[in-house]
Amino acid sequence: MQALPIFMNISQRLCVVIGAGEVAARKVTMLLRAQASVTVYAPGICPTLADLVEAGRIRYQQARFADQQLSGACLVIAATNDLQVNTAVSLAAQANNIPVNVVDAPALCTFTMASIVERSPIVIAISSEGNAPVLARYLRSKIETMLPAGYGRIAAIAGEFRDKVKSKYATSQARRIFWEGVLQGPIVERILAGQEAAARIGLDQLLADDTASQQHGEVYLVGGGPGDPDLLTFRALRLMQQCDVCVYDKLVSPEVLDLVRRDAELIYVGKSRDQHTLPQEEINQLLARLALAGKRVLRLKGGDPFIFGRGGEEIETLMQQGVPFQVVPGITAANGVSSYAGIPLTHRDYAQACLFITGHLKNGVLDLDWAAMARPQQTVVIYMGLVGLEQICQQLMAHGVAADMPAAVIQQGTTQHQRVVSANLSDLASQVAAAKMKAPCLTIVGQVVKLREKLNWFEPQNKGTDPLKNAD
């Protein structure tokens, strides 16, 4: 993010617009919606602005640009078709520390005009920081279709009850829980249906109910998927936005973590090989303790919480201590990473079964069912197998898997940092070592890997130049 999104109060304050064409008219219209006092300077004026002048809504002076025209302005917009004039406006405004926007010239701007979705008093601004205004307008149209006009009435009624709620609930957390309950309940539906009187009665009844002040903690065990935030479920995103505390793992990508509610407390409990921030039992107790203190606890895990995620262990503790919880599945690494690598896990010509294995070394030893992993016509997906990869490949070949069996290791799958090394089983470990692959990685062994060359569709933007021709 290169620009800080803010909302500026310009009501009854002087805003100066240099230029009086149709582009300037659109900017003036936006300023008037914010109740600004607008003065326009230009040698000529378009009909739209002329009508506003005649109606007494703006002031207009027929003049070329001069620095003194900016005196007393809180905001300046340059909307001429003359680059020299626009540049002069920008320099003069910046010299006087006045925010300035130059239409279609991001380099001359100290602020940009966002595309607006207005449900007053709710206002949503969408900005591309001047890079793609058409895309910003497209996103605005998408949001417009999702938000009923009645959302403005919801905000207005919430404002009416703000002081009452504040006097009822002493902490911001309690107030937030109250309003989230309202927003997810029938009162909102009454407002959207135009039954505002009934909605106000309902709010008064909620505030009179003493049980509404009781804080009930809960744990949300949420799968954060393999890395790409677009793979989150709607339910996961909703719970991420309403938690008080987020307890997260090492495998949760920064992009996914960035979607957690901004003012939620973040607690890192990630685990690396031989390095545990907290032992699992302490994590279990931490979740229970936070929830019993009335917190809404987001337990955010990479992938799916029930596939090598120890989610079952955590909810056993919660059940023992009577802590309510809910589980939100996530796309596990096997599904997400294989898809983004262009490797189907099953295919009627190559694999009729798929086996998920954890390759985590315990005391330096891998104790796996090698015979089961070596069966024909199946795909083997190995989690956490990077450190023991050479041993895994040797054992599979020792138990009958062909040395030329296709295999692949995918690093940071589904993200813009995804890298893939594919090779025969006999060469895989050496190729991965040469490519200096690092965790998190997923290993796939099976005939389906040969389909990658044909089915590979995902090209990360950050794809680097790798001297190894078989490393993406």
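Basis of the calculations
Residues numbered from 1 in each chain as written. Predicted model: local features only at pLDDT ≥ 70, side-chain atom pairs only at ≥ 80, totals over all residues. Heavy atoms only, no water. Pairing = 2+ DSSP bridges. Helix = DSSP H or I, 4+ residues; strand = E, 2+ residues; numbered from the N terminus. Axes fitted to C-alpha atoms, helices over the stretch in contact; angles between N-to-C directions. Buried < 20%, exposed > 50% of the residue type's maximum accessible area, 1.4 Å probe, protein only. Arc of directions from axis to C-beta. Contact = heavy atoms within 4.5 Å. Core = buried A, V, L, I, M, F, W, Y, C linked by side-chain atoms within 4.5 Å. Salt bridge = Lys/Arg side-chain N within 4 Å of Asp/Glu carboxyl O.

Quick notes on the sheet that holds strand S14 (residues 325–328)
Part 1: The five strands are arranged S10-S9-S13-S8-S14 in an open sheet whose pairing can be described as parallel. The two strands at the open ends of the sheet, each matched to only one other strand, are strand S10 (265–268) and S14. Pairwise comparison of adjacent strand axes, ignoring direction, gives a mean angle of 20° for this sheet.

A look at helix H17 (residues 425–434)
Residues three or four positions apart in an α-helix share a direction because the helix packs 3.6 residues into each turn.
Part 1: For H17, every residue scored as buried is listed here: Leu 425, Leu 428 and Val 432. Buried residues of H17 fall within an arc of 15° about the axis and therefore sit on the same side.
Part 2: If you follow the buried residues of H17, they end up packed against helix H16 (389–398), strand S17 (406–411), strand S18 (419–424) and strand S19 (441–445).

Points about the nonpolar core
Part 1: Membership of the largest hydrophobic core comes to 25 residues, with the highest contact counts inside it found for Met 373, Leu 396, Leu 425 and Leu 428.
Part 2: If you tally residues by element for this core, the top one is H16, at four residues.
Part 3: With sequence-adjacent residues up to four places away left out, Leu 428 is seen in contact with Leu 389, Cys 393, Ala 407, Ala 408, Val 409, Val 421, Ala 423 and Thr 443.
Part 4: In this structure, Val 40, Ala 42, Cys 74 and Ile 77 belong to the second largest nonpolar core, which totals 23 residues.

So, the pattern of salt bridges
Part 1: In this structure the tally under the stated criterion is 17 salt bridges.
Part 2: Residue Arg 261 is joined to Asp 244 by a salt bridge in which the shortest nitrogen-to-oxygen separation is 3.6 Å. Of the two residues, Arg 261 is situated in the loop between helix H11 (254–257) and S10 and Asp 244 in the loop between helix H10 (234–240) and strand S9 (245–248); the sequence distance between them amounts to 17 residues. Accessibility assignment for this pair places Arg 261 and Asp 244 in one class, buried.
Part 3: Among the ionic contacts, a cluster of salt bridges with common partners joins Arg 176, Glu 180, Asp 244, Arg 261, Asp 263 and Arg 296.

A short note on the pairing of strand S13 (residues 296–301)
Consecutive side chains along a regular strand alternate between the two faces of the sheet.
Part 1: A large share of S13 lies buried, amounting to six of its six residues.
Part 2: Alternating positions in S13 separate into two faces, Arg 296, Leu 298 and Leu 300 on one and Val 297, Arg 299 and Lys 301 on the other, with burial throughout.
Part 3: When strand S8 (residues 218–223) meets S13, the two strands line up parallel, connected through six bridges. Of the residues in S13, the one forming a bridge with Val 222 is Leu 300.
Part 4: Two strands pair when backbone bridges link them, and S9 and S13 are joined in this way by four bridges, in the parallel orientation. Within S13, the residue paired with Tyr 248 across the bridge is Leu 300.

Remarks on the sheet that holds strand S1 (residues 14–18)
Part 1: Here we have five strands laid out as an open sheet, ordered S3-S2-S1-S4-S5, and parallel in their pairing. The open sheet is flanked by strand S3 (59–62) and strand S5 (100–102), the only strands paired with a single partner. Within the sheet, the average angular offset between the axes of one strand and its neighbour, ignoring direction, is 15°.
Part 2: Strand direction decides the pairing type here: strand S4 (residues 75–78) and S5, joined by three bridges, are parallel. From the neighbouring strand, Val 76 faces S5, where its bridge partner is Val 100.
Part 3: Packing against the sheet, helix H3 (residues 83–95) makes contact with S1, S4 and S5, and its axis sits at approximately 165° to S5.

All we've got here are geometric facts, nothing functional implied.
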